[in-house]
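Listed below, chain by chain, are the residues.
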Amino acid sequence: MIETVEKEILTLVDEIGYSEITRLFGTLAGGKRLRAKLVLEIAGSDVTAPRLGAIIELIHAASLLHDDVIDDATLRRGAPSVNATEDSKTAIMLGDALYSKAYSTLVSYDEAVAKTVADAVTALSVGELMDVRMSENFNADADAYMDMLYLKTAALIEASAKAAALMMGKDAEAYALYGKNLGISFQIIDDILDIVSDEATLGKPALHDYEEGKCTLPYIYLSESLQGEERERLLSYHREKLSAENAAWIKAKMKEHKSVERSYALAQKLSDKAVAAVAGDERLVGIIESMMKRSF
Ligand code: FPP
Ligand code: MG
């Protein structure tokens, strides 16, 4: 089924009409296609569903191209990022082309469907700027972190589920709730994997979030658990290159205070909420379960 989306993606990229864009796009690794899978699961019987899935994946790809420039990242999905192999200008322009093509294709959908996706892209952009601003100083506010996370990551996942439901005349709010909670727990798992996994498995550097300034949930929880000199020590490593010794200290403290377990418990709670929103839909429950168990 997902092959129908892959085909639509290539068609849309070819339709842009410039071989250099097709070539550059061909260097990108595809990723998990979580958003397109949701569209297919919810609206698979509509012939225009694969194209909507492709539109959303192009928007997602564009956002990652720009994000890698913003984050100075060199690896994406296990391969060198476009800003590293080419340059930042190329990554931005490729992102712009994919994003614009996605939009010009989106306008042929029903207005409510198109608006759902378009609004999510605004949310994404706000979330990314919030993320950058919040990374400038140590952020110990879990609620502010969760608000940013919803906008940056969950909004487009929520929109994928909601737009697909709107296409089918299904209960859009229930599917939106599913997508929102799936999206937030997806990002919490991402944050946990940065701490517990390694570069080979992740396809991007491990233990990198804190160096980049990102105080993800396990760091926020750890900062709540530590006091005095230990808390000062944690804060002093924010936005710094971590030595092996200091990285090991952070991991040991997280183990002692169960910071990762606490984060996982919240992801689980949100996943349960997502499951409850679409009670009985086995395949959507399956998507959540494999997302919670993933290693990359
Ligand atoms: C990855 O976050 C980034 C996102 C999920 C969203 C990025 C959004 C934008 C750049 C704004 C929208 C732009 C367009 C062109 C639609 P991360 O850095 O925490 O994750 P990572 O570790 O995978 O890089
Ligand atoms: Mg990034």
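Above this text you will find the structure in question.
Since the structure is predicted, the reported quantities are computational estimates derived from the model, not experimental observations. (Residues numbered from 1 in each chain as written. Chains lettered and ligands numbered in written order. Predicted model: local features only at pLDDT ≥ 70, side-chain atom pairs only at ≥ 80, totals over all residues. Heavy atoms only, no water.)

Colleague: When you look at the overall build of the protein in this model, what are you seeing that I'm missing?
Modeller: When helices and strands are tallied, the protein shows 15 helices and two strands. For a compact globule of 296 residues, the expected C-alpha radius of gyration is about 19 Å, and the protein comes in at 19 Å, within 12% of that figure. Burial analysis of the protein (296 residues in total) assigns 51% to the buried set. Partitioning the intrachain contacts of the protein with sequence separation of at least 6 by distance along the chain shows that 73% fall at a separation of at least 24. When the accessible area of the protein is evaluated, it comes to approximately 13500 Å², of which 54% is carbon and sulfur surface. Taken together, the 33 basic and 48 acidic charged side chains of the protein have centroids lying 2 Å from each other. (Helix = DSSP H or I, 4+ residues; strand = E, 2+ residues; numbered from the N terminus. Rg over C-alpha atoms; globule rule 2.2 N^0.38 Å. Buried < 20%, exposed > 50% of the residue type's maximum accessible area, 1.4 Å probe, protein only. Contact = heavy atoms within 4.5 Å. Areas by Shrake-Rupley, 256 points an atom, 1.4 Å probe, with all protein chains shown as cover. Lys, Arg positive; Asp, Glu negative; His and termini not counted. Charge placed at Lys NZ, Arg CZ, Asp CG, Glu CD.)

Colleague: What should I look at first to understand the site of ligand 1 in this one?
Modeller: Around ligand 1, 14 residues are found, and the nearest of them are Asp-67, Asp-71, Arg-76, Lys-152 and Lys-214. Interatomic distance of 2.9 Å between a side-chain N/O atom of Asp-67 and an oxygen atom of ligand 1. Arg-76 places a polar side-chain atom, nitrogen or oxygen, 2.8 Å from an oxygen atom of ligand 1. Protein chains shield 89% of the accessible area of ligand 1, which is 630 Å² for the free molecule. (Near = heavy atom within 4 Å. Polar contact = N/O pair within 3.5 Å; in protein donor to acceptor, adjacent residues only side chain to side chain.)

Colleague: Is there a simple way to explain unusual backbone geometry in this structure?
Modeller: Peptide bonds are, in most cases, trans, and in most cases residues other than glycine have a negative phi. Even without glycine at this site, Arg-33 takes up a positive phi of about 60°. With a phi close to 55°, Asp-72 is a non-glycine residue in the positive phi region. Checked against the element boundaries, Asp-72 lands in the loop between helix H4 (49–70) and strand E1 (75–76). The exposure class of Asp-72 is exposed, given its relative accessible area of 64%.

Colleague: What should I look at first to understand empty space enclosed by the protein in this one?
Modeller: Rolled over the atoms, a probe sized like a water molecule indicates the empty space that remains. Counted according to the given criterion, the structure contains one cavity of 30 Å³ or more. Taken as a whole, the largest cavity encloses approximately 150 Å³ of empty space. For the largest cavity, the lining is made up of 15 residues, of which Leu-28, Leu-65, Asp-68, Arg-76 and Val-82 are closest to its centre. Per element, the largest residue contribution to the lining of the largest cavity is four residues, and it comes from H4. For the lining of the largest cavity, the residue count by class is nine nonpolar, three polar and three charged. (1 Å grid on protein atoms, 1.4 Å probe; cavity = no way out; pocket = protein on both sides within 12 Å on 5 of 7 lines; lining within 4 Å. Points joined across faces, edges and corners; volume = space filled by probe spheres on them. Nonpolar A, V, L, I, M, F, W, Y, C, P; charged D, E, K, R; others polar.)

Colleague: I would appreciate a short explanation of the environment of Tyr-178 in the present structure.
Modeller: Along the polypeptide, Tyr-178 turns up in helix H9 (residues 172–196). A sequence separation of 100 residues divides Tyr-178 from Val-278, and the C-alpha atoms of the two residues are 6.7 Å apart. Beyond its immediate chain neighbours, meaning those up to four positions away, Tyr-178 contacts Leu-38, Ala-161, Ala-274, Ala-277, Val-278, Leu-284, Ile-287 and Ile-288.

Colleague: Explain the coordination of the magnesium ion (ligand 2) to me, please; I cannot follow it from the model alone.
Modeller: Coordination angles at a metal have ideal targets, namely 109.5 degrees for four tetrahedral donors and 90 or 180 degrees for six octahedral donors. Looking at the magnesium ion (ligand 2), one finds its protein donor set to be Asp-67 (OD) and Asp-71 (OD), positioned 2.0 to 2.1 Å from the metal centre. Grouping residues by exposure puts Asp-67 and Asp-71 together as buried. (Donors = N, O, S within 2.8 Å, 3.2 Å for Na, K, Ca; no water.)

Colleague: I'm lost on the pattern of salt bridges in this one. Help?
Modeller: Applying the stated criterion across every chain, the model contains 21 salt bridges. The residue Arg-51 makes a salt bridge to Glu-15 at a minimum N-O spacing of 3.9 Å. Placement of the pair is Arg-51 in helix H4 and Glu-15 in helix H1 (residues 2–15), with a sequence separation of 36 residues. Given the relative accessible area of 25%, Arg-51 is considered partly exposed. The partner of Lys-115 in a salt bridge is Asp-119, and the shortest N-O contact between them spans 2.9 Å. (Salt bridge = Lys/Arg side-chain N within 4 Å of Asp/Glu carboxyl O.)

Colleague: What should I look at first to understand helix H6 (residues 88–106) in this one?
Modeller: Residues spaced three or four apart along an α-helix point in a common direction, a consequence of the helix completing one turn every 3.6 residues. The end-to-end C-alpha separation of H6 is 27 Å, in line with the 27 Å expected for 19 residues at 1.5 Å each. Among the residues of H6, Thr-90, Ala-91, Leu-94, Gly-95, Ala-97, Leu-98, Lys-101, Ala-102, Thr-105 and Leu-106 are the ones counted as buried. On an axial view of H6, the arc spanned by its buried residues comes to 165°, and they lie on one face. Among the exposed residues of H6, those pointing more than 90 degrees away from its buried face are Lys-89 and Met-93. Buried residues belonging to H6 abut H1, helix H2 (19–26), H4, helix H5 (82–85) and helix H7 (111–134). (Expected span 1.5 Å × (residues − 1). Arc of directions from axis to C-beta.)

Colleague: Even after reading the chapter, I still don't get the packing of aromatic side chains, so can you show me in this structure?
Modeller: Pairs of aromatic rings are described using the distance from one ring centre to the other and the angle between the two planes. Across all of its chains, the model carries four aromatic pairs by this definition. Where Phe-138 meets Tyr-210, the ring centres are 6.2 Å apart and the plane angle is 85°; that geometry is what we call edge-to-face. Residue Phe-138 is found in the loop between H7 and helix H8 (142–168), and its partner Tyr-210 is found in the loop between helix H10 (199–202) and helix H11 (217–225); the two are separated by 72 residues along the sequence. Taking the relative accessible area as the measure of exposure, Tyr-210 reaches 0% and is therefore buried. Each member of the aromatic cluster is reached from another via a ring pair, and the members are Phe-138, Tyr-210 and Tyr-219. Residue placement shows Lys-180 over the ring face of Tyr-150; its charged tip is 4.5 Å from the ring centre. The ring of Tyr-221 is capped by Arg-262, whose NZ or CZ atom sits 3.9 Å from the centre of that ring. (Phe/Tyr/Trp six-rings, centres within 6.5 Å; stacked < 30°, edge-to-face > 60°. Lys NZ or Arg CZ within 6 Å of the ring centre and 35° of its normal.)

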